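In case you want the letters, here they are:
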Amino acid sequence: MISRRDFVRNSAVAGLCFLPKFSRLAFAQGVDAHIEVVLDDIIGTISPNIFGHFVENLSGVVYDGIWVGEDSKVPNVHGIRKELVDEMSKINPAVVRFPGGCFADSYDWRDGIGPADKRPRRTNFWNGGETADAPASHRYDPNRFGTNEFAQFCRLIGAQPYLAANLRSLPAEAFYRWVEYCNSPAGSTTLADERGTAGFKDPFNVKYWGVGNESWGCGGNFTPQEYATEFRRFVTWVPEYGQKLAFIASGPDGANWAWTHGFLEEIVRKGKGMLSSIYGLALHHYAWNLSRGRTQDWNEGKGDALKFDPVDWYELLREGDRMEQLIQGHWQVMSEQDPGHTIKLVVDEWGPWYRPGSEATPGDQLEQIPTLRDAVFSGMTMDIFNRHPEKVTMANCAQLINCLNSLYLAHENRFVVTPVGHVFAMYAAHQGGEGVRTEFSAPAIHYDRDGKAASFWGLRGSASLHGKQLVVTAVNPNVKDPLQAQIVTRGARVNSGKATILTAPDIHAHNTFDQKRAVAPQEKDVQFKGESVSFTFPAASVTKLQLNLA
Ligand code: AHR
């Protein structure tokens, strides 16, 4: 049972100050937690793009995961894995980023067009991390899956393409030509003809273009000032073909405030007008350090995807929860040069990153098996994005399949939806809704961090309004205790509703090729009526409530 001290402490930790309001609303006694949805306080439209995806030409992501080939025994549509297309079509995937990641700054898009048998084989950027017996397509890019195939994939699943251009190793001219290949009208240019010959007469109309990736690291080791200079050059006078282009600049790694500051300071040296050339600033944040403060070493600090204790569960969530401060912090830094916030945040890589060892297909680089922990992590992260719709315009989970926080795992003819995939299916209900201010209050969870007391919040989530339907998602991160919460919808009564719950008896639960539904969402009709309803969030769970308002 919540003590008053815990309740006050957690409210304060959350930066909330609403005890007087709660007392005015006369919340019921005896419940553990409170959720207050302030229906007339709209915080912004939730862009469908914040539930976006990321596909890099890395190990088993493209070759095996997505591309199986037209002649494969694996059911496919134009060479693309059919089960993947079918599953993705269910989650309304608004946008997919390709071809990297670090790979993007080594990629020449021209290698991936034209007759398939004429396309060159190139050493993949990730070759150095592949084992000697890795499939040839993982080590040496056959370029079978290029721009046309990616555009085809996007069409099949109903998503918009987001292409990441090479700024480190190709000139700006190559970038313009890629735009020309994708967007110039049928019959207008030689490249449009080449596209037509390949069977794609109509332009792809690609709107989103990344200009380099992680330019502070694998994308060229630039200083923010050097990168800003390159960025200005790359985006100046890029030809448009009736499709307004949205340029996404390589942004900071985690809490690197100096990158955001230095980049924008240099950008505006040529005048404030330059700000309008930037649609988004890409923020990357991976949760990887589970060493409990012992090390900052990238390899030593990582934990295991499948073998972990409750303390590792909370530590991972803590690392991921930093996302909210990163969004707020970079937004603040951006306002120094861009007080009107012309530029939005694009979190185009996020997710947990564990050490090697849990690959569904042994040998696949950066592949890990997502568990219930990663589902809770993903729900928590998407709730953070939902709480900042005016700041975050796009986000792309790293990555879609066979890599890091995968929604799907696949190998040859085997395929499975991971717990993360299920969370994406649940959260699709938020897309395009009006984000509504919602306050969560619950006792903090206390745990032992190597002999020292540590705590984590007890319940958080987000809400969006879709006409008369209110969608509330929430995460109970407590590994053992359910949490009863009273939900107050200020401004309207609830007539009816249903709940979708994702949890499992074991926090390590995960889906495999043989056991596909160890973690799967359960739907439940709930007796909701009135302006105040009660719901019990199971331990270690992600929940979606769809409430029909009177
Ligand atoms: O997602 C894997 C890698 O992580 C990407 O290629 C890179 O951008 C990041 O460092």
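Residues numbered from 1 in each chain as written. Predicted model: local features only at pLDDT ≥ 70, side-chain atom pairs only at ≥ 80, totals over all residues. Heavy atoms only, no water.

Digging into the overall build of the protein
If you tally the helices and strands in the protein, you get 12 helices and 25 strands. Relative to the compact-globule value of 24 Å for 550 residues, the protein shows a C-alpha radius of gyration of 23 Å, a close match. Principal-axis analysis of the C-alpha atoms places the extent of the protein at approximately 70 × 55 × 50 Å. Considering the protein as a whole, with its 550 residues, one finds that 62% of them fall into the buried category. Looking at the protein alone, contacts between residues at least 24 apart form 77% of all its contacts between residues at least 6 apart. Put simply, the protein shows about 20,700 Å² of open surface, and 50% of that area lies on carbon and sulfur atoms. Looking at charge distribution, the protein has the averaged site of its 55 positive side-chain charges lying 4 Å from that of its 62 negative ones. (Helix = DSSP H or I, 4+ residues; strand = E, 2+ residues; numbered from the N terminus. Rg over C-alpha atoms; globule rule 2.2 N^0.38 Å. Buried < 20%, exposed > 50% of the residue type's maximum accessible area, 1.4 Å probe, protein only. Contact = heavy atoms within 4.5 Å. Areas by Shrake-Rupley, 256 points an atom, 1.4 Å probe, with all protein chains shown as cover. Lys, Arg positive; Asp, Glu negative; His and termini not counted. Charge placed at Lys NZ, Arg CZ, Asp CG, Glu CD.)

A short note on the pairing of strand S8 (residues 160-165)
Across the six residues of S8, five count as buried, placing the element largely inside the fold. In this sheet, S8 lies alongside strand S5 (residues 95-98) in parallel orientation, the contact comprising four bridges. Across the sheet, Arg 97 pairs through a bridge with Tyr 162, a residue of S8. Looking at chain direction, S8 and strand S9 (residues 208-211) are connected through four bridges and run parallel. Looking across to S9, one finds that Tyr 162 is bridged to Tyr 208. (Pairing = 2+ DSSP bridges.)

Here's the deal with the sheet that holds strand S23 (residues 522-526)
Strands sit in the order S23-S22-S25-S20-S19-S16-S1-S21-S24 across an open sheet of nine strands; the sheet is mixed. The sheet terminates laterally at S23 and strand S24 (532-537), the two strands that pair on one side only. Neighbour-to-neighbour, the strand axes of this sheet turn through a mean angle of 25 degrees, independent of strand direction. Across seven bridges, the pairing between strand S1 (residues 33-45) and strand S16 (residues 434-441) is antiparallel. Within the sheet, the bridge partner assigned to Thr 45 lies in S16 and is Glu 434. Lying on the sheet, helix H12 (residues 419-427) is in contact with strand S20 (469-476), strand S22 (494-502) and strand S25 (541-549); it crosses S25 at an angle near 15 degrees. (Axes fitted to C-alpha atoms, helices over the stretch in contact; angles between N-to-C directions.)

Quick look at the confidence of the model for the protein
Detailed conclusions should not be drawn from predicted coordinates in areas where pLDDT is low. Summing up the model confidence of the protein, the mean pLDDT is 94 and the portion of residues at 70 or higher is 95%. Across residues 1-26 the pLDDT falls below 50, and counting only partners more than four positions away or on other chains, this stretch makes 41 contacts in the model. (pLDDT = per-residue confidence, 0-100.)

Let's talk about the site of the ligand
Looking at the ligand, the residues that line it are Phe 54, Glu 56, Gly 101, Cys 102, Trp 126, Asn 213, Glu 214, Tyr 286, Glu 349, Trp 353, Gln 399 and Leu 404. Note that an oxygen atom of the ligand is positioned 3.1 Å from one of the side-chain N or O atoms of Asn 213. Gln 399 has a polar side-chain atom sitting 3.0 Å from an oxygen atom of the ligand. Summarising the interface, the protein chains cover 93% of the accessible area of the ligand, which totals 280 Å² for the free molecule. (Near = heavy atom within 4 Å. Polar contact = N/O pair within 3.5 Å; in protein donor to acceptor, adjacent residues only side chain to side chain.)

Details of the sheet that holds strand S12 (residues 344-352)
If you walk around this closed barrel you meet the eight strands as S2-S5-S8-S9-S10-S11-S12-S13, and the pairing is parallel. On average, adjacent strands in this sheet sit at an angle of 30 degrees to one another, irrespective of strand direction. Inspection of the sheet shows S9 paired to strand S10 (residues 246-253) by four bridges, in the parallel sense. Residue pairing in the sheet places Val 211 in a bridge with Ala 249 of S10.

So, the packing of helix H6 (residues 172-183) against helix H7 (residues 190-197)
Where H6 contacts H7, the two axes come as close as 7 Å, and the packing angle between them is 50 degrees. Accordingly, the angle class assigned to the pair H6 and H7 is oblique. Crossing of H6 over H7 shows right-handed handedness. For the pair formed by H6 and H7, the contact residues are Arg 177, Glu 180, Tyr 181, Cys 182 and Asn 183 on the first element and Leu 191, Glu 194 and Arg 195 on the second. (Parallel < 35°, antiparallel > 145°, perpendicular 65-115°, else oblique. Left-handed = near helix turned anticlockwise from the far one by under 90°.)

Structural notes on the packing of helix H3 (residues 82-89) against helix H5 (residues 147-157)
Look at H3 against H5: their axes get within 8 Å of each other, and the N-to-C directions meet at 45 degrees. Regarding the angle of H3 to H5, the classification is oblique. Here Leu 84, Val 85, Met 88 and Ser 89 of H3 lie close against H5, whose contacting residues are Phe 153, Leu 156 and Ile 157. Looking at side-chain class alone, the contact of H3 with H5 contains six nonpolar, one polar and no charged residues. (Nonpolar A, V, L, I, M, F, W, Y, C, P; charged D, E, K, R; others polar.)

A closer look at the side chain of Glu 214
By secondary structure assignment, the location of Glu 214 is in the loop between S9 and helix H8 (224-235). Here Glu 214 occupies a buried position and makes no salt bridge, while the nearest side chain of opposite charge, Arg 97, is found at 7.0 Å. Once residues lying within four places of it in the same chain are set aside, the contact partners of Glu 214 are Cys 102, Gly 219, Ser 250, His 284 and Glu 349. (Salt bridge = Lys/Arg side-chain N within 4 Å of Asp/Glu carboxyl O.)

Some details on the pattern of salt bridges
Tallying each qualifying case throughout the model produces 30 salt bridges. Asp 117 is the partner of Lys 118 in a salt bridge, and the nearest nitrogen-oxygen pair spans 3.9 Å. Per residue, the accessibility class of Lys 118 equals that of Asp 117, and both read exposed. Where salt bridges share partners, they join Asp 108, Arg 110, Glu 173, Arg 177 and Glu 180 into one cluster.

Brief notes about the state of the cysteines
Scanning the model with the defined rule gives one disulfide in all. Shown here is the disulfide that connects Cys 102 with Cys 218, its sulfur atoms set 2.2 Å apart. The S-S bond linking Cys 102 to Cys 218 shows a torsion near -85 degrees; that makes this disulfide left-handed. Here Cys 218 lies in the loop between S9 and H8 and Cys 102 lies in the loop between S5 and strand S6 (122-123), a separation of 116 residues in the sequence. Accessibility expressed as a relative area gives 12% for Cys 102, which makes it buried. Its relative accessible area of 21% is what places Cys 218 among the partly exposed residues. Cys 182 supplies the cysteine sulfur nearest to Cys 154, a cysteine that is in no disulfide, at a spacing of 10 Å. (Disulfide = S-S within 2.5 Å.)

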